[in-house]
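Now for the letters of each chain:
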Protein chains: 2
Amino acid sequence: MNDPEAFAASSDAARSARPLRHVQRFAMSGPVTLERGGVLPGLTVAYETYGTLNEARDNAVLVCHALSGDSHVARHDDADDPGWWDCLVGPGRNLDTNRLFVICANVLGGCRGTTGPDSLDPRSGRAYGADFPEITMGDVVRTQVALVDHLGITRLRAVVGGSMGGMQAMLWATAYPQRVAAVALLATAHRLGAQALAFDVVARNAILTDPGFHGGSYYDKPGHGPDTGLAIARMLGHITYLSRESMQDKFEADRHRPRQLDTAFEARFSVGSYLAYQGERFVERFDANTYLRLSLAIDRFDLGGTPEALIRNLAPATCRWLVVSFSSDWLFPPDQSRELVRALVAAGKGVSSCEITSRAGHDAFLLENELDLYGPLVQALVAHAGDGAGSPPIPRAVDALGHDPSAIFYQDRLDYARICALIPAGASVLDLGCGTGGLLRRLRERGGGRLVGVELDQRQVTVAVARGLDVVNADIEAGLAQFATRSFDVVVLSHTLQAVRGVEHVLDEMLRVGRSVILSFPNAAHARHRRRLAEHGRAPETTGLTRYHWYNTPDIRLVTITDFEALCDLKGWRINKRIFLDTATSGEAQGDPALTADVAVYALNL
Amino acid sequence: MNDPEAFAASSDAARSARPLRHVQRFAMSGPVTLERGGVLPGLTVAYETYGTLNEARDNAVLVCHALSGDSHVARHDDADDPGWWDCLVGPGRNLDTNRLFVICANVLGGCRGTTGPDSLDPRSGRAYGADFPEITMGDVVRTQVALVDHLGITRLRAVVGGSMGGMQAMLWATAYPQRVAAVALLATAHRLGAQALAFDVVARNAILTDPGFHGGSYYDKPGHGPDTGLAIARMLGHITYLSRESMQDKFEADRHRPRQLDTAFEARFSVGSYLAYQGERFVERFDANTYLRLSLAIDRFDLGGTPEALIRNLAPATCRWLVVSFSSDWLFPPDQSRELVRALVAAGKGVSSCEITSRAGHDAFLLENELDLYGPLVQALVAHAGDGAGSPPIPRAVDALGHDPSAIFYQDRLDYARICALIPAGASVLDLGCGTGGLLRRLRERGGGRLVGVELDQRQVTVAVARGLDVVNADIEAGLAQFATRSFDVVVLSHTLQAVRGVEHVLDEMLRVGRSVILSFPNAAHARHRRRLAEHGRAPETTGLTRYHWYNTPDIRLVTITDFEALCDLKGWRINKRIFLDTATSGEAQGDPALTADVAVYALNL
């Protein structure tokens, strides 16, 4: 291991065990009865704040930390220790402390200032140890609510959290719906998968069976407590925080060259010495009882094991939701976020999601390298959650994400006005392949019903969210299952049918989800295309821009008006309206539309 | 945990610690010097055999077991204990013991009969314990070679192994090339990935730091040795043997209902009680020192960290190779098998591969549920490795795998004869999208050069391998990178261009890999198609069979003769030969081929 970066690149490896200099304390008087029946005689919450609470008290954002985090989310000044989310939180950052009042508290049961197992039990005069009660995420959030009360804040602009922090944000949204306008969940889940649960079980067993554990009452014992078990738990944790790809990237080149460490653990192989190092550093700053309590609280967190239960538990929420996952995160994998998003959509909540392509694994949500998309997404959520005063405008860089040539070209697409005209005022609309939200913005300007977009491209999703739209990041070829039957008045597929592989499946799904369907496509049988094939023996090129040819066009289906109507006939889809457009005249096509229309718009239902 | 199956479904959970009744023993006299310098005064190999060695002594197959396996690969009779690979090995099974002589030996360093750390060291009169030397996979294979010598077998028909067993098979192929005709590798790798290595490090640390370990000399100590550490290692191992999906399948439904166990471990959650059970059963039948020795031998196994090193190390092999991986195996993931296959192809070896779609994770290679494809593949390899006498014919069921209508239809495709005629005798040929091998079989009948197929569909790969062809399971859109520049005389893409998304990329790659390229495609500008669009406004339907239409055809590109030649012109590809066919007359097209040919065949080069 010759690359010192590899030792520090993970979430909190670089952090010291030094006391935090900017911590404030808030005392909750007791007795406090916890969800699982335990009682604390009182407790202290250690927290830090950044920026200034405005007069309206409406610029506050609560950041919730993950298992091994603490209140020190960002540095307070240049002389300060690094924070665990410096890349996101600070002056001019996506969570801009020049405008926002950011709060971060160490969780209940923690070991960095808030009351936890290593705190003094006033009843016995010794550390709680084994006597510290079991805690839940609900207990954690209750202490945060008390803190927010104490700070005089009625309603948070947003709660933002990744991993275990995201679980807390979910509870804010569902248990305290009046207290939060928006939640941003990163790399998290409404409940752990069986594999993630299994890793936690093994990690806890390593601690529980360490002879130094003494049933949890090890603070006054000679030696160091269950340091070996905790280090092994941490080693295991580290593997799950990284992806297989990122481990290859870090450790393959110098596989057989471990760093020389003075360690009780095996330090063979580059990756072995890394794990030994991480394990041993962790025990210097973390308490095994805290690990056990929080790990179990994570494992017990459960918003529902069936879609029905999940939808029921999400029902009370009134805030806007942002759900971000990372492709290589196998601890909190994207498919779990997809389940949550599906339930939020089904429950009628305002939700955007983004499944960010990343090699960094679960740790991605903490890394500056990955900030490109998740930073603007969080910023956009916070900006649109308030009146805008507390948030900076969406930066140019984000808007630029959407500026590929076709996006410009389609800003004023001929079919948009016709599609809008077909949609009744106040109708709920699902726009498939919504891009950066051109059609949805038009519809929003008219006011009215619920508007949701679906878009595969992550960058376009980010732009659309920055524009204040609700957009789900999904592939329409597979992703319509997440929308309930008859859940929208209108489902739109504009200028996309020709790029769909599973034409029948997508149309069947659209007709299931929507009371009616509106779609537009380029007519491959326009006279120009007919002549091209008949006279020149060359394939039609239906894409408006000239950069595509038969061998590289995304338009993999040649859709003609005649063929499309034949399919409608075959499938029993009723055509309620057809509009045939001629781009050359920017108006309706004259004569036989099968020959003269280059764009067709249809309204269908079953 | 209410489903007893879930406790037994994994690789060897159902196996007992009872002594094996059919074990034979072979003694190697010493001193035996091992690869890492250790010396054993002598050793015993415990093995079992099934079936009868024929007179020619050419029907022997060696099966190599994985980390926790032993010599009992299959039951010897109905009264016998289950073997760990009963589904594959036995009378009438894919490794048919009515015809084959199957040998399986417990590995050196093992704890099931072959000399290992728990064996008596004749020099001290006590168990070796900490004094047992470090071993390598090379040492393991050397004892197997000695055993095969002892059995009077000059050349094995095949060596078959999964996981660690596959590593042994690789060493047979490369270190003893004259001794083996074929190797079948399942769920294995030429060296572990960093993540798999990391899990092994954590598992070893759990054992090494167990106070019961006593540096490895625990056999005469009171208590049980490092049972806790070994159980934790096993729990961790179990997680890696299952996939995320299969853990969901097993443990989600009864997540909160653990089986009641009398255990020192945490038994919360269904999955927790499963792991506790697996951990505790394992220590009853396995030795921690064996675990450490074998785990380290696996970690050190390394056929090359770069493509160049790997190719160099594979060079001595002369056998045929079969490389099988499973899509959900994240311990030995398919991409590692792909690397190995790439190197084997580059080294000019005869290799087939199959990436089997499975939810079962690493354990898939042991499961009867997954036998459908891997069983016939192994059987085919063994059948074609000898003169056929020792193997049953490929069962009808396998042949039936290839019998979808299009496969029948294309048995005598019009373009095959023309393509064959264009290929010089003795040329090496890579056939992309080879299906069940129709063209390759024709070429093989002519005799001559090296023939390799590439096919995406696993079932078609299985049929082609059963027919004795070398076929790599890969997607040609991404998979040509594995073929070296100018490594084939001819690269063929017959009747597939119209289904390719990345037309330029695939053609560029073909022209890189082959000295020349031959391709055929249906001409979308045939007069029939022109009339259809021009007169009826309907898209051409180029697929021969009528079941496809514009909305569901796999032919996503409309390729016309004129367009194709224009692309060749644009890209500077030289057309050496063009043949235009008319299916109606089964001969060459008359008149203007752009209008009259329904199939075009081209030979190109750069």
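The rules behind the values
Residues numbered from 1 in each chain as written. Chains lettered and ligands numbered in written order. Predicted model: local features only at pLDDT ≥ 70, side-chain atom pairs only at ≥ 80, totals over all residues. Helix = DSSP H or I, 4+ residues; strand = E, 2+ residues; numbered from the N terminus. Buried ≥ 20, exposed ≤ 12 C-beta atoms within 10 Å, placed from the backbone. Contact = placed C-beta atoms within 7 Å. Nonpolar A, V, L, I, M, F, W, Y, C, P; charged D, E, K, R; others polar. Pairing = 2+ DSSP bridges. Axes fitted to C-alpha atoms, helices over the stretch in contact; angles between N-to-C directions. Least-squares fit on C-alpha atoms with pLDDT ≥ 70 in both. Domains from an automatic or database assignment. Expected span 1.5 Å × (residues − 1). pLDDT = per-residue confidence, 0-100. Parallel < 35°, antiparallel > 145°, perpendicular 65-115°, else oblique. Left-handed = near helix turned anticlockwise from the far one by under 90°.

Novice: How should the overall build of chain A be read in this particular structure?
Specialist: Within chain A, the regular secondary structure consists of 21 helices and 20 strands. Taking all 606 residues of chain A together, 58% fall into the buried category. Of the contacts formed within chain A by residues at least 6 apart in sequence, a portion of 68% connects residues at least 24 apart.

Novice: How should the interface of chain A and chain B be read in this particular structure?
Specialist: For an interface, size is often stated in terms of accessible area lost upon the parts coming together. Tallying the contact residues gives 59 residues for chain A and 59 residues for chain B. Looking at the side of chain A that touches chain B element by element, the count peaks at eleven residues for helix H4 (residues 194–208) of chain A. In the side of chain A that touches chain B, the residues fall into 35 nonpolar, 13 polar and eleven charged.

Novice: What exactly am I supposed to notice about the pairing of strand E9 (residues 158–162) of chain B here?
Specialist: As a general feature of sheets, a regular strand has side chains that alternate between the two faces. Residues and elements named next belong to chain B. Counting buried residues along E9, five of its five residues qualify, which places the element largely inside the surrounding structure. Residues Ala158, Val160 and Gly162 of E9 are buried on one face, and the alternating residues Val159 and Gly161, pointing to the opposite face, are buried as well. Taken together, the four bridges between E9 and strand E10 (residues 182–186) define a ladder with parallel strand orientation. Among the inter-strand pairings, Val160 is bridged to a residue of E10, identified as Ala184.

Novice: I keep staring at unusual backbone geometry and nothing clicks. Help me out?
Specialist: Note on backbone geometry: most residues besides glycine have negative phi, and most peptide bonds are trans. All names here are of chain A. For the bond running from Gly30 to Pro31, omega is -5°, close enough to zero to count as cis. Tracing the chain through its elements places Pro31 in strand E1 (residues 24–33). For Ser586, which is not a glycine, the phi torsion comes out positive at approximately 50°. Note on placement: Ser586 falls in the loop between strand E18 (574–582) and strand E19 (587–588). A count of 10 C-beta atoms within 10 Å places Ser586 in the exposed class.

Novice: How should I be thinking about the sheet that holds E10 of chain B in this particular structure?
Specialist: Each strand in a sheet pairs with another by means of backbone hydrogen bonds, the pair being arranged parallel or else antiparallel. All names here are of chain B. Within the open sheet, the eight strands sit side by side as E1-E2-E6-E3-E9-E10-E11-E12. Their pairing is mixed. Edge positions in the sheet fall to strand E1 (24–33) and strand E12 (350–356), since each has one partner strand and no second. Geometrically, the sheet is characterised by an average inter-axis angle of 20° between neighbouring strands, direction not taken into account. Sheet topology note: the strand E2 (residues 39–50)/strand E6 (residues 101–105) ladder contains four bridges and is antiparallel. The residue of E6 that forms the bridge with Thr49 is Ile103.

Novice: Explain the environment of Ser520 of chain A here, please?
Specialist: Residues and elements named next belong to chain A. Mapped onto the secondary structure, Ser520 falls in strand E17 (residues 514–522). Exposure remark for Ser520: the 23 C-beta atoms within 10 Å place this residue in the buried category. Taking the C-alpha atoms as reference, Ser520 lies 7.5 Å from Leu497; in sequence the two are 23 residues apart. Not counting residues up to four positions away in its chain, the partners in contact with Ser520 are Asp415, Ile419, Ser494, His495, Val599, Ala600 and Val601.

Novice: Is there a simple way to explain the sheet that holds strand E11 (residues 320–326) of chain A in this structure?
Specialist: All names here are of chain A. Strands sit in the order E1-E2-E6-E3-E9-E10-E11-E12 across an open sheet of eight strands; the sheet is mixed. One side of each edge strand has no neighbouring strand; the edge strands of this open sheet are E1 and strand E12 (350–356). Geometrically, the sheet is characterised by an average inter-axis angle of 20° between neighbouring strands, direction not taken into account. When E1 meets strand E2 (residues 39–50), the two strands line up antiparallel, connected through eight bridges. Bridge pairing in E2 places Ala27 opposite Thr44.

Novice: Would you explain the relation of the copies chain A and chain B in this entry?
Specialist: The second copy of the chain is related to the first by a rotation about an axis and a shift along the axis. Under the fitted operation, chain A is carried onto chain B by 0.0 Å of movement along the axis and a turn of 180°, and the coordinates agree to an RMSD of 0.0 Å. The transformation relating the two chain copies, once decomposed into turn and shift, fits a two-fold axis. Scanning chain A for the C-alpha nearest the rotation axis identifies Ile556 of chain A, at a separation of 2.4 Å. Looking at chain A, 100% of its interface residues are interface residues in chain B too, so the copies touch through the same face.

Novice: Any chance you could explain the domain arrangement of chain A here in plain terms?
Specialist: You can read the domains of chain A as domain 1 (4–300) and domain 2 (395–605). Just the C-alpha atoms count here: the centres of domain 1 of chain A and domain 2 of chain A sit 46 Å apart.

Novice: Sorry if this is basic, but what is going on with helix H3 (residues 164–175) of chain B here?
Specialist: Three or four residues apart is the spacing at which side chains of an α-helix point the same way, because the helix has 3.6 residues per turn. Residue and element names in this part refer to chain B. In a regular helix each residue adds 1.5 Å, so twelve residues correspond to 16 Å; H3 covers 16 Å between its end C-alpha atoms and thus fits that length. For H3, a buried count of eleven out of twelve residues is recorded, marking the element as mostly surrounded by other parts of the structure. Burial in H3 covers these residues: Met164, Gly165, Gly166, Met167, Gln168, Ala169, Met170, Leu171, Trp172, Ala173 and Thr174.

Novice: Got a minute to help me understand the environment of Gly165 of chain B in this structure?
Specialist: Take Gly165 of chain B: it is sitting in helix H3. On a C-alpha basis, the gap between Gly165 of chain B and Ala187 of chain B in space is 9.4 Å, while along the polypeptide they are 22 residues apart.

Novice: Explanation requested: helix H7 (residues 269–285) of chain A in the structure shown.
Specialist: Between its first and last C-alpha atoms H7 of chain A spans 25 Å; for 17 residues at 1.5 Å apiece the expected length is 24 Å, and the two agree. By the criterion of burial, H7 of chain A is predominantly enclosed, with 14 of the 17 residues buried.

Novice: What is the right way to read the confidence of the model for chain A from this model?
Specialist: All names here are of chain A. In this model, chain A carries a mean pLDDT of 91, and residues with pLDDT of at least 70 account for 92%. Across residues 1–16, where pLDDT falls below 50, the model places 34 contacts with residues more than four positions away in sequence or in other chains. For this predicted complex, the interface score ipTM comes out at 0.93, while the overall pTM is 0.94.

Novice: What exactly am I supposed to notice about the packing of helix H14 (residues 414–422) of chain A against helix H15 (residues 438–446) of chain A here?
Specialist: Between two packed helices, the angle of one axis relative to the other and the distance separating the axes together describe the packing. Residues and elements named next belong to chain A. Remark: H14 packs on H15, axes separated minimally by 10 Å, with the N-to-C direction vectors making an angle of 45°. Accordingly, the angle class assigned to the pair H14 and H15 is oblique. Of the two possible hands of crossing, H14 and H15 adopt the one that is right-handed. Residue-level contacts link Tyr416, Ile419 and Cys420 of H14 to Gly438, Leu439, Arg442 and Leu443 of H15. Looking at side-chain class alone, the contact of H14 with H15 contains five nonpolar, one polar and one charged residues.

Novice: Which parts of the structure should I look at to understand the packing of helix H19 (residues 527–536) of chain A against helix H19 (residues 527–536) of chain B?
Specialist: Contact pair H19 of chain A / H19 of chain B: the axes reach a minimum separation of 9 Å and the direction vectors enclose 150°. On the basis of their axis angle, the class for H19 of chain A and H19 of chain B is roughly antiparallel. The way H19 of chain A lies across H19 of chain B gives a crossing that is left-handed. Side by side, H19 of chain A and H19 of chain B meet where Arg530, Leu533 and Ala534 of chain A of the first sit next to Arg530, Leu533 and Ala534 of chain B of the second. Split into classes, the residues belonging to the contact of H19 of chain A with H19 of chain B amount to four nonpolar, no polar and two charged.

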